[in-house]
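Coordinate analysis (summary)
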Amino acid sequence: MMYKIMEELFMKKVIYDNYFWQNDLVRLRPWSEDDWEWIYYTGFDTSLSRLASYKVNFPPTVSGAKEYCKEVENCITKNGNTVFAIESLDGIHVGRIIFSLDNERHGTFGIGIRIATKYQGKGYGTSAMKILLQYGFMESRLNKCSSTVLEGNEATIKMHKKLGYEQEGILKQNIYTNGKYYNEICFGLTKDTYLKNIAEKEN
């Protein structure tokens with residue numbers, strides 16, 4: 001009897017038609033211990049690391065990648081951060097996105113995102129951001145999402161503006177990398193602006 005039940009469960013196909021964690025381009029899933037290869041191999045793209053974390057990381061190691069994945073797998077929240085894998089709807093692992101609860105009392109949060117270079121420019125990052133913005137504003141009762149971007153990172157600046165973020169200021173010569181100081185651009189998106197943008201698109 002138990003075997004029959006298990007057989008029926010495995011025969012079933014997951015239906016995503018009414019699934020919150022996906023839209024018309026991407027699906028978010030829990031980070032897995034098996035995702036260590038994504039961390040390891042993207043670690044060799046120094047330009048990607050420089051734009052995302054503002055620094056050159058030490059050479060990647062298999063053990064380090066596996067240790068990181070073990071720490072954040074299955075939507076474990078660590079230091080306010082919850083890590084998701086970004087997949088295309090046909091199951092290709094294209095990136096990583098992190099929901100960061102900054103201060104629950106004040107209703108502030110952030111979103112960190114990294115798309116593998118070969119999958120950039122296809123809308124995956126913007127689509128994944130939309131899911132976590134909806135989660136933050138409409139499910140978690142948060143009020144503001146803040147972000148900083150390194151000057152010169154035009155693709156990420158464009159993405160933030162497309163999502164409705166407003167530039168709130170510039171921290172001049174705030175980041176040192178690649179032998180020089182760079183400005184750090186501050187963006188913010190409030191729930192009021194988020195809802196206003198959605199209403200305008202629907203009309």
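Our subject is the structure listed above.
This report concerns the structure included in the present document. Computed from a predicted structure; not experimentally measured.

**Describing the packing of helix α5 (residues 124-139) against helix α7 (residues 191-202)**
In the contact formed by α5 and α7, the axes pass within 11 Å of each other and the chain directions differ by 115°. The two elements α5 and α7 cross, and the hand of that crossing is left-handed. In contact with Leu133, Gln134, Phe137 and Met138 of α5, α7 contributes Lys191, Tyr194 and Leu195.

**What to know about a nonpolar patch on the surface**
Taken together, the side chains of Met138, Leu195 and Ile198 make up a nonpolar region of the molecular surface, amounting to roughly 220 Å² of accessible area. Checked against the element boundaries, Met138 lands in helix α5. Overall, the relative accessible area of 41% leaves Met138 in the partly exposed class.

**A word on the packing of aromatic side chains**
Scanning the entire structure with this criterion turns up 15 aromatic pairs. Between Phe20 and Trp21, the aromatic rings sit 5.0 Å apart at their centres with planes inclined by 80°, giving edge-to-face as the arrangement. Measuring from ring centre to ring centre gives 6.2 Å for Trp36 and Tyr40, while their planes differ by 55°; the resulting arrangement is tilted. Of this pair, Trp36 and Tyr40 both sit in helix α2 (residues 36-42), four residues apart, roughly one helical turn. Neither Trp36 nor Tyr40 differs from the other in exposure class; each is buried. Between the NZ or CZ atom of Arg27 and the centre of the ring of Tyr16, over which it lies, the distance is 3.6 Å.

Calculation notes
Residues numbered from 1 in each chain as written. Predicted model: local features only at pLDDT ≥ 70, side-chain atom pairs only at ≥ 80, totals over all residues. Heavy atoms only, no water. Axes fitted to C-alpha atoms, helices over the stretch in contact; angles between N-to-C directions. Helix = DSSP H or I, 4+ residues; strand = E, 2+ residues; numbered from the N terminus. Left-handed = near helix turned anticlockwise from the far one by under 90°. Contact = heavy atoms within 4.5 Å. Patch = residues over 30% accessible without salt bridge, like charges linked within 9 Å, V, L, I, M, F, W, Y side chains within 5 Å. Areas by Shrake-Rupley, 256 points an atom, 1.4 Å probe, with all protein chains shown as cover. Salt bridge = Lys/Arg side-chain N within 4 Å of Asp/Glu carboxyl O. Buried < 20%, exposed > 50% of the residue type's maximum accessible area, 1.4 Å probe, protein only. Phe/Tyr/Trp six-rings, centres within 6.5 Å; stacked < 30°, edge-to-face > 60°. Lys NZ or Arg CZ within 6 Å of the ring centre and 35° of its normal.

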